[in-house]
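Summary of the model geometry
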Amino acid sequence: MPAPITEEQNRLDREALLDVAERLFYERGIQAVGMDEVRAASGLPLKRIYRFFAAKEGLVVAMLKRRDQRWRGDLAAHVEQVPDPRERVLAIFDWLAEWFAQPGFRGCAWVNAHGELGSSSEAVLSEVRSHKRAFHDQIALWVHATGVPVVEPVFLLAEGAIVTAGISGDPAPARHARAAVAMLLGTP
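Residues numbered from 1 in each chain as written. Predicted model: local features only at pLDDT ≥ 70, side-chain atom pairs only at ≥ 80, totals over all residues. Heavy atoms only, no water.

What about the overall build of the chain?
Helix and strand counts for the chain come out as nine helices and zero strands. Secondary structure elements of the chain, listed N to C terminal, follow the sequence α-α-α-α-α-α-α-α-α. By residue count, 47% of the 188 residues in the chain fall in the buried class. Carbon together with sulfur atoms contributes 57% to the accessible area of the chain, which is approximately 9,700 Å² in total. Looking at charge distribution, the chain has the averaged site of its 22 positive side-chain charges lying 4 Å from that of its 24 negative ones. (Helix = DSSP H or I, 4+ residues; strand = E, 2+ residues; numbered from the N terminus. Buried < 20%, exposed > 50% of the residue type's maximum accessible area, 1.4 Å probe, protein only. Areas by Shrake-Rupley, 256 points an atom, 1.4 Å probe, with all protein chains shown as cover. Lys, Arg positive; Asp, Glu negative; His and termini not counted. Charge placed at Lys NZ, Arg CZ, Asp CG, Glu CD.)

Structure representation (structure tokens):
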């Protein structure tokens, strides 16, 4: 009889499963990737995968939640090292430019998930909205520190740059959005 699976092994297997799901769903699209492909890439039996997530929708939501924490954490780590409040806001767009230039950049995972499942999955739609609210609030915190009331334009420029770069495959929208935000903030 096989040894029971430890909590640590469960944690490691769940993380590995989420890594595989995130990579496959982001590269190819959620609907294009079946659970058999997730199983093959993860090396976990389907029965074990379904113990972690009763349905593919649960795996998608968990993957988006985890990606949100990492994505916004990476952004904050970059932005918050900049001492000047106005330059900190501009650093958002420097970070976006670096992200857009990464190999395999395919736009916003949440916009992509919304496009595929937003009308058919309340759970996915809720997670997408949660991420967008959190990203908005993150930007608002940095913009409020400047004393210039431009939260909405800065947020919309960031979102627009992300979508445009995802579609065009060109990181230039981050640079253009940064220049527009610099004008809004009155930064030389």
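As for helix α9 (residues 172-185)
Every α-helix winds through 3.6 residues per turn, so residues three or four apart in the chain are directed the same way. For α9, spanning 14 residues, the distance from its first C-alpha to its last is 20 Å, which sits close to the expected 20 Å at 1.5 Å a residue. All of the buried residues along α9 are Ala172, Pro173, Ala174, Ala177, Val181, Ala182 and Leu185. For α9, the secondary structure elements touched by its buried residues are α5 (85-100) and α8 (151-168). Downstream of α9 by one or two residues, glycine 186 has phi in the positive range, about 75°. (Expected span 1.5 Å × (residues − 1). Contact = heavy atoms within 4.5 Å.)

Here's the deal with the environment of alanine 172
The residue alanine 172 is located in helix α9 in this model. Alanine 172 gets classed as buried once you look at its relative accessible area, which sits at 11%. Separated by 51 residues in the primary sequence, alanine 172 and serine 121 have C-alpha atoms spaced 33 Å apart.

Some words on α5
For α5, which comprises 16 residues, the first-to-last C-alpha distance of 23 Å matches the rise-based estimate of 22 Å (1.5 Å per residue) to within 8%. Against α1 (7-28), α4 (56-79), α7 (122-144), α8 and α9 lie the buried residues of α5. Between the side-chain oxygen at the start of α5 and the backbone nitrogen of arginine 86 there is a gap of 3.2 Å, and the oxygen is on aspartate 84. (Polar contact = N/O pair within 3.5 Å; in protein donor to acceptor, adjacent residues only side chain to side chain.)

A closer look at the packing of α4 against α7
Relative to each other, α4 and α7 sit at 10°, their axes nearing to 9 Å. As judged from the angle between their axes, α4 and α7 are roughly parallel. Across from Glu57, Val60, Val61, Leu64, Lys65, Asp68, Trp71, Arg72, Leu75, Ala76 and Val79 in α4, the residues of α7 making contact are Glu122, Ala123, Val124, Glu127, His131, Ala134, Phe135, Gln138 and Trp142. Classifying every residue of the contact of α4 with α7 by side-chain character gives twelve nonpolar, two polar and six charged. (Axes fitted to C-alpha atoms, helices over the stretch in contact; angles between N-to-C directions. Parallel < 35°, antiparallel > 145°, perpendicular 65-115°, else oblique. Nonpolar A, V, L, I, M, F, W, Y, C, P; charged D, E, K, R; others polar.)

Some remarks on a nonpolar patch on the surface
A cluster of nonpolar side chains, Val111, Val163 and Ile167, forms an exposed patch at the surface whose accessible area comes to about 260 Å². Within the secondary structure layout, isoleucine 167 lies in helix α8. Judged by its relative accessible area of 73%, isoleucine 167 is exposed. (Patch = residues over 30% accessible without salt bridge, like charges linked within 9 Å, V, L, I, M, F, W, Y side chains within 5 Å. Salt bridge = Lys/Arg side-chain N within 4 Å of Asp/Glu carboxyl O.)

Concerning the packing of α8 against α9
Where α8 meets α9, the closest approach of the two axes is 8 Å, and the angle between their N-to-C directions is 165°. Here α8 is positioned roughly antiparallel relative to α9, judged by the angle of their axes. Considering the relative orientation of α8 and α9, their crossing is right-handed. Contacts from Pro153, Val154, Leu157, Ala161, Thr164, Ala165 and Ser168 of α8 reach α9 at Pro173, Ala174, Ala177, Ala180, Val181 and Leu184. Residues that form the contact of α8 with α9 fall into these classes: eleven nonpolar, two polar and no charged. (Left-handed = near helix turned anticlockwise from the far one by under 90°.)

Brief notes about the pattern of salt bridges
Scanning all chains against the criterion turns up 15 salt bridges. A salt bridge links aspartate 19 to arginine 66, with the shortest nitrogen-to-oxygen separation between them at 2.7 Å. Here the residue aspartate 19 occupies a position in helix α1, and arginine 66 occupies one in helix α4, the gap between them amounting to 47 residues. The class of aspartate 19 is partly exposed, set by a relative accessible area of 44%. Linking lysine 132 and glutamate 159 is a salt bridge whose minimum nitrogen-to-oxygen distance equals 2.9 Å. Of the two residues, lysine 132 sits in helix α7 while glutamate 159 sits in helix α8, which places them 27 residues apart along the sequence. Taken as a pair, lysine 132 and glutamate 159 share a single burial class, namely buried. Linked through salt bridges whose partners overlap, the residues forming this network are Glu15, Asp19, Glu22, Arg66, Arg67 and Arg70.

Purely spatial values, then, with no claim about function.
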